[in-house]
Amino acid sequence: MIYAGIDAGSRAIKIVLIDADGSRIVAKAHADQGIEQGRLACELFEKTLAENGIPRSDVGRILATGYGRNAIEIADTTITEITCHAVGVRHLVPEVRTIIDIGGQDSKLVRLDANGKVRDFAMNDRCAAGTGRFLEVVASRLGIPVGELGAMASRSSSPAAISSMCVVFAETEIIGLLSCGRAAEDIVAGVQNAIASRIVAMAGRSVEPPILFTGGVARIKGMETALQTALGRPVAISPEPQMTGALGAALLARRQSDSMNL
Amino acid sequence: MTGEPRQINLDQWDREYARLRAAGMAEPIYGGPLSRHVADGDTRLLKLRYDNSPAALRLWNFLLTEEDRLLAARDSGKKLVGAMKDLGTVPVMAYSLDNLVSFYPDGAWWIPCVMELNTGLLQIADSLGIDESFCPVRAMLGAFVTEAHFPLPDLLTCSVGATCDDFSAIAQRLNGLGHPILWWEIPHRRQPEPGEQAVTLPGGFSAPGSQIEFVRSELLRVKIALEELAGRSLDDETLVAGILKANVVRDLLAHLRHLAFTAPLCPMPALEMLIAEMLAIHFCSDQDETILVLTNLLAEVTRRAAAGTGHLAADAARVFWVNPVADLRAMNLLEDCGGRMCGTEYLFAHALDPIPTTIPPMEALAQMALADPMVGSAFDRAARIVADIRRFRAEAVIVSRIPGASHCALEGEIIARMVREECGLPVLEIEVPSITDATQATLCTRLEALVETAKDRRER
């Protein structure tokens, strides 16, 4: 039997399929998010099954998570990304006590107990200043792909000071910095620092190590360094940064199936 | 007459109303179907879900007809007192005089929610220089300008000093618009110094006797103003009678809260409980009717608790909620996401405590005013919240911020930290604007995650 986790994020849909004993990822896939979230997730799911030669009847249970979870009609149930990330991280790096997840639209800090259960969590409020959206804004303003931001930031020796309170204000600051001739790499590094400082503000006083960094933004070079500097503690990147939530969803689907004797 | 507890929408209430009327339900003069208030512009009602009991219907109709009551009171020759930034002190004095009616202009902070921003009150406040960096209570300014939501009071009082900075600014702006205000000062409550007379206040905080004496003298000025407005004296005997009546309201609420928060199945939704609790501070412009409304509600909750019925699943996560919400819909959302209200601190915990009756009445009121959790240290307030969380056996805590409200920004983090450290419970901090529709998905994710976390902890 196969169990599926679908993480319908704001920028991407991620799918992970695991085997019956939950020890092996048998397939994973991701695609850009769009307006018809349910249809896109269904198409990606069917495509993933087909590409891996898995009959639909082999899939025992599907669990959806993420921002668009309630739009996924093929899912048997939904659970929030907070819980799913905790389960996914517990599976990948059991000793982790703090998860920093930065996605396209939101960021989260999840505190875990020694058993990997969620002890507490915090999420960004209404502003996107601590999220991947901030990086998209700066990439758009500089006319470069988001994927190249990390390499660019690594060339900075003097990151710019940029407000972490509001992306809209920060964009105005970026325009001002550009007009003053400030190097693009300094601006990108400054934005990374601003995101990191937003996470620190959200974390408050207690960030217990080990710390694991998940979410699509974890794939951007330099972000973990910015977080480490801001937190004053080591930050490791998840082995499956973008898939952690979907993996947790798949594991929970399997767990639910077991408890229901399906 | 009442069926099983459930939450119903406005259409369902219309049908239920017809059924109840046909079955002979008696109603007060302000009764009627809930949906009629939509015609008055209260469009948010279309998006809320309500308890299906006649007692809840009466509560809602009572709340939504306050302006009619104020106009009727004026027509009958009574004088109106607007008690601003007052969480349960001046109204007790005012209602002791039978030709005065006190109301709570700050209550206008819910108008942008209930009328879904269609009133223009916030735009008026914007135009007066009080923009969205201030608490939604700035809608009160617009209400004074339009005179469309309450009649202008004959006397306007406002506490100042250790109260919200943003409210003080709003009230000063109101004063500048030509509305005279009788200010009375409430100092920041402090711990007694060694050698000072220490007084334990209702609710357990302590303050130096000198501060109580100061507040008593401030309230005396208000009392004199009320007497002048009423044209009669407010002697101690009359004031004690007024205090006893206020204590009836507080006692009803204490019983209501205890049952609603501790019954195995939740016997009354969070939304109706929020509305009911608010009656403690302003009586919705009719103290006698407040007692009847709450008596009815308590009877319904008692019946349900005894029958072991409720509108939520038995395994709903027990959530303690700190601070009132600007959007009433947030209360529905908590329950939609699997939570159950089991304890609240809506900034006026002191107004739920009985007013002392064994000391001179003005001193008793001064003690109550100083017992306000907002006029002392945030740590004091947090400590009281922690005690209530334990009392009601909460499994999770929500600290809800009011956008622009200065005390929320300052106190929220302290409360959250103390709850985490002393109770070890998950704490969710959220901000609830007047209309949450655009942020509903993210708000629900947080509420669901909190519920999941609380339930998961049961299994450990």
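Being a predicted model, the structure only gives us computed values, none of them experimental.

Criteria and thresholds
- What you see as residue numbers is a count from 1 along each chain, following the sequence as written.
- In the order they appear in the text, chains get letters beginning with A and ligands get numbers beginning with 1.
- A pLDDT threshold of at least 70 governs which residues receive local features in this predicted model, and a stricter bar of 80 or more applies before side-chain atom pairs are shown or counted, although totals over entire chains, interfaces and linings include all residues.
- To get the side-chain values, take all heavy atoms of the structure and skip hydrogens and water.
- Secondary structure elements are taken from DSSP: a helix is a run of H or I of four residues or more, a strand is a run of E of two residues or more, and numbering for both begins at the N terminus.
- Taken over C-alpha atoms, the radius of gyration is set against a globule rule of 2.2 Å times the number of residues to the power 0.38.
- Each residue is assigned to one of three classes by its accessible area relative to the maximum for its type, calculated with a 1.4 Å probe on protein chains only: buried under 20%, partly exposed between the two thresholds, exposed over 50%.
- By the convention used here, residues are in contact when the closest approach between their heavy atoms is within 4.5 Å.
- Using a 1.4 Å probe, the Shrake-Rupley method yields the accessible areas, and only the shown protein chains count as cover for residues.
- When charges are tallied, Lys and Arg are placed among the positive residues and Asp and Glu among the negative ones, while His and the ends of the chain are skipped.
- Note on charges: their place is set at NZ of Lys, CZ of Arg, CG of Asp or CD of Glu.
- Any two strands with at least two DSSP bridges between them are considered paired.
- Structural elements are reduced to axes, namely lines fitted to C-alpha atoms, with helices fitted over the stretch in contact, and the angle between N-to-C directions of any two is expressed from 0 to 180 degrees.
- Put simply, angles under 35 degrees are roughly parallel, angles over 145 are roughly antiparallel, angles from 65 to 115 are roughly perpendicular, and the rest are oblique.
- Should the near helix be turned counterclockwise from the far one by less than a right angle, the crossing is left-handed, whereas a clockwise turn marks it as right-handed.
- Three residue categories are used. Nonpolar comprises Ala, Val, Leu, Ile, Met, Phe, Trp, Tyr, Cys and Pro, charged comprises Asp, Glu, Lys and Arg, and polar comprises the others, including Gly.
- Values labelled buried area give the accessible surface lost by two parts on being combined, using a 1.4 Å probe and summing over both.
- By definition, a salt bridge exists where a carboxyl oxygen of Asp or Glu is found within 4 Å of a side-chain nitrogen of Lys or Arg.
- Here a polar contact is taken to be a pair of N or O atoms separated by no more than 3.5 Å, where protein atoms must pair a possible hydrogen donor with a possible acceptor and residues adjacent in sequence count only if both atoms sit in side chains.

Trainee: I keep staring at the overall build of chain B and nothing clicks. Help me out?
Mentor: Counting its regular elements, chain B contains 18 helices and 12 strands. A compact globule built from 460 residues should have a C-alpha radius of gyration of about 23 Å, and chain B, at 21 Å, falls within 12% of that. Counting the 460 residues in chain B, one finds 64% classified as buried. Restricting the contact set of chain B to residue pairs at least 6 apart, pairs at least 24 apart contribute 76%. Summed over all atoms, the accessible surface of chain B reaches about 16,000 Å², with 53% contributed by carbon and sulfur. Each charge sign in chain B was given a centre, from 43 positive and 62 negative side chains, and these centres are 4 Å apart.

Trainee: It is not clear to me how the overall build of chain A should be interpreted in this structure. Could you clarify?
Mentor: A count of helical and extended segments in chain A gives eight helices and 10 strands. For chain A, the C-alpha radius of gyration of 19 Å lies close to 18 Å, the compact-globule estimate for 262 residues. Across the 262 residues of chain A, 56% fall into the buried class. Across chain A, every contact between residues at least 6 apart in sequence was considered, and the portion connecting residues at least 24 apart equals 64%. In the structure as shown, chain A presents an accessible area of about 10,700 Å², 50% of it carried by carbon and sulfur atoms. In chain A, 27 side chains carry a positive charge and 28 a negative one; their mean positions are 4 Å apart.

Trainee: What exactly am I supposed to notice about the sheet that holds strand S10 (residues 339–345) of chain B here?
Mentor: Strand pairing in a sheet takes place through backbone hydrogen bonds and is either antiparallel or parallel in direction. Residue and element names in this part refer to chain B. The four strands are arranged S10-S9-S11-S12 in an open sheet whose pairing can be described as parallel. The two strands at the open ends of the sheet, each matched to only one other strand, are S10 and strand S12 (427–431). Averaged over all pairs of adjacent strands, the angle between strand axes in this sheet comes to 30°, irrespective of strand direction. Note that strand S11 (residues 396–401) and S12 share five bridges and pair parallel. Its bridge partner being in S12, arginine 401 is matched across the sheet by glutamate 431. Along the sheet, helix H16 (residues 378–391) makes contact with strand S9 (317–322), S10 and S11, crossing S9 at roughly 160°.

Trainee: Honestly, unusual backbone geometry in this entry has me stumped. Any pointers?
Mentor: Of note, the bond from A:Pro209 into A:Pro210 is cis; its omega dihedral lies within 30 degrees of zero at -5°. Looking at the element boundaries, A:Pro210 is found in the loop between helix H6 (184–203) and strand S9 (211–214). We note that B:Glu116 has phi near 50°; this positive angle belongs to a residue other than glycine. In this structure, B:Glu116 sits in the loop between helix H6 (111–114) and helix H7 (121–127). Judged by its relative accessible area of 17%, B:Glu116 falls in the buried class. For B:Phe283, which is not glycine, the phi dihedral falls at a positive 60°.

Trainee: Could you clarify how one ought to interpret the packing of H16(B) against helix H17 (residues 406–423) of chain B in this entry?
Mentor: If you want to describe how two helices pack, look at the angle between their axes and the distance between the axes. All names here are of chain B. Between H16 and H17, the shortest axis-to-axis distance is 9 Å and the interhelical angle comes to 45°. It follows from the interaxial angle that H16 and H17 lie oblique. Seen along the crossing, H16 lies across H17 with a hand that is right-handed. Along its contact with H16, which presents Ala378, Phe379, Arg381, Ala382, Ala383, Ile385, Val386, Ile389 and Arg390, the element H17 presents Glu411, Ile414, Ile415, Met418, Val419, Glu422 and Cys423. Residues belonging to the contact of H16 with H17 are distributed by class as follows: 12 nonpolar, no polar and four charged.

Trainee: How should I be thinking about helix H3 (residues 54–64) of chain B in this particular structure?
Mentor: Think of an α-helix as 3.6 residues a turn; residues three or four steps apart then line up on the same face. Summarising burial for H3(B): 10 of the 11 residues are buried, a large majority. Those residues of H3(B) not exposed but buried are B:Pro54, B:Ala55, B:Ala56, B:Leu57, B:Arg58, B:Leu59, B:Trp60, B:Asn61, B:Phe62 and B:Leu64.

Trainee: Explain the packing of helix H11 (residues 236–262) of chain B against helix H12 (residues 270–282) of chain B to me, please; I cannot follow it from the model alone.
Mentor: Residue and element names in this part refer to chain B. Put simply, H11 and H12 touch, their axes get as near as 9 Å, and they point 155° apart. The pairing of H11 with H12 is recorded here as roughly antiparallel in orientation. For the crossing formed where H11 meets H12, the hand is left-handed. Mapping the contact onto sequence places Val249, Leu253, Leu256, Arg257, Ala260 and Phe261 in H11 and Met273, Ala276, Glu277, Leu279 and Ala280 in H12. Tallied by class, the residues present in the contact of H11 with H12 amount to nine nonpolar, no polar and two charged.

Trainee: Explain the interface of chain B and chain A to me, please; I cannot follow it from the model alone.
Mentor: In many reports, interface size means the accessible area that the parts give up when they come together. Contact with chain B, which involves 25 residues of that partner, is made by 19 residues of chain A. Between chain B and chain A lies a buried interface of about 1,900 Å² when both sides are counted; carbon and sulfur atoms form 43% of it. Our enumeration of links across chain B and chain A arrives at three salt bridges. Inspection of the region where chain B meets chain A yields eight residue pairs in polar contact (both at pLDDT 80 or more).

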